[in-house]
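Report on the structure
One-letter residues, chain by chain:
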Amino acid sequence: MLLSRVNPSVTVPGLITPQVQDVDFDAYIGHKSNLGSRASEMLYFMQASNINSETTIGQQWNQELTKQTYSLGQVSMPYYRIGAYVEYNEDEKAKFESLVPGVSLPTFLEDIAKQGINQRRHQAILFGFDDSLNQGILANAQTQTLPADADAHDSLVTYNIPELQVFLAKIARDVMDASYGMAKPVVIASSIRVINYLKTALVPVGTYLESGSVDSVAGVYDKVVSEWLGVGSVNFIADDLLKGEDNDKLVFLAPGLTDQMNTVSDDKSQNIVGKQSQITYNTTYDVAEGLLRFTRPSDFGINSSYLSFKMTPGVTLRSEAVSVIEVKYQ
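Residues numbered from 1 in each chain as written. Predicted model: local features only at pLDDT ≥ 70, side-chain atom pairs only at ≥ 80, totals over all residues. Heavy atoms only, no water.

In this section: the sheet that holds strand S11 (residues 283-286). Strand order across the open sheet formed by three strands is S1-S11-S14, with mixed pairing between neighbours. Two strands in the sheet have a free side with no partner beyond their single neighbour: strand S1 (31-33) and strand S14 (315-316). Taken together, the two bridges between S11 and S14 define a ladder with antiparallel strand orientation. From the neighbouring strand, Thr-284 faces S14, where its bridge partner is Val-315. (Pairing = 2+ DSSP bridges. Helix = DSSP H or I, 4+ residues; strand = E, 2+ residues; numbered from the N terminus.)

Structure, rendered in structure tokens:
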């Protein structure tokens, strides 16, 4: 590691490094658990379906025996380990820290390893580790393509803005309808360019605000969804893992469930079993024991460690909670 320098001189502490996109991928998740251990191979979710209770109707006391029926199934997800190996020797450490004041080589290398693990975690939440196994929260989503508008425009930047508003509102409404008003679609995620367009494309809103007022597509959408549909403020996430060569993915996500809008007491509820369910989240993953660090004793000046993170891919438990719209940007 040789660098040409003029003496006398001074070196600014720190490093100029490439910047990469930072995404809070846990915002996609309704519940993150750590139920697994080093020995765990699979994670299972129990699922009840075909629930039915036979009842009788009559004007006399009826002693005919009735019963309840149901089917049990399960959703399974395998565990994977993401690993990163760190190694340096004492000469490398001394030279690096002499050339780069204020930066520790062991910390720098370990930070690179942790960054790589977190990038893998991000990908696993969305797409899983194995494409052939239907993994990731997008795998079980409902998908569609942005249809052409009335003028035959089918790209985002040429789309008729009022029609775009109507289409986006329909996606929110469909999710709320499918969940009887319980899903809370609070996350809209797409590439940086799609999110930036939604936040900057101006919409005249003088019809319901002060005359001549304007707002963005995202701003109006937030008002419609949060105030009129009652789902709370929308969280817009820019994530370039959703950017494609031809189409970008616009993801509409409801991580969790709340009580139905018209609360009904248990003595007359037709959804008692649903309300008593312990799994009221729609998207999840398990991080087992979390990040583990294993360090070898120094051997002839060589220092090494191994970082390991065990997790399942992301999983969508209710397909109606996630909608993916394929969008041509321009």
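Take the sheet that holds strand S4 (residues 80-89) next. What the three strands build is an open sheet, ordered S4-S13-S12; its pairing is antiparallel. Looking at which strands have only one partner, the edges of the open sheet turn out to be S4 and strand S12 (291-295). Taken over all neighbouring pairs, the strand axes of this sheet differ in orientation by 20° on average, direction set aside. The pairing of S4 with strand S13 (residues 302-311) spans ten bridges and is classified as antiparallel. Opposite Ile-82, over in S13, you have Phe-309 as the bridge partner. Helix H1 (residues 90-99) rests against S4 and S13 of the sheet, and its axis sits at about 80° to S4. Its contacts with the sheet place helix H2 (residues 105-127) against S4, S12 and S13, and it is angled at close to 165° to S4. (Axes fitted to C-alpha atoms, helices over the stretch in contact; angles between N-to-C directions. Contact = heavy atoms within 4.5 Å.)

With that out of the way, let us pick up helix H3 (residues 161-178). Its 18 residues place the ends of H3 26 Å apart at the C-alpha level, agreeing with the 26 Å of an ideal helix rising 1.5 Å per residue. Looking at H3, one finds that the buried residues are Ile-161, Leu-164, Gln-165, Phe-167, Leu-168, Ala-169, Ile-171, Ala-172, Val-175 and Met-176. Near the N-terminus of H3, the side chain that reaches the backbone nitrogen of Glu-163, with its oxygen 3.0 Å away, is that of Asn-160. (Expected span 1.5 Å × (residues − 1). Buried < 20%, exposed > 50% of the residue type's maximum accessible area, 1.4 Å probe, protein only. Polar contact = N/O pair within 3.5 Å; in protein donor to acceptor, adjacent residues only side chain to side chain.)

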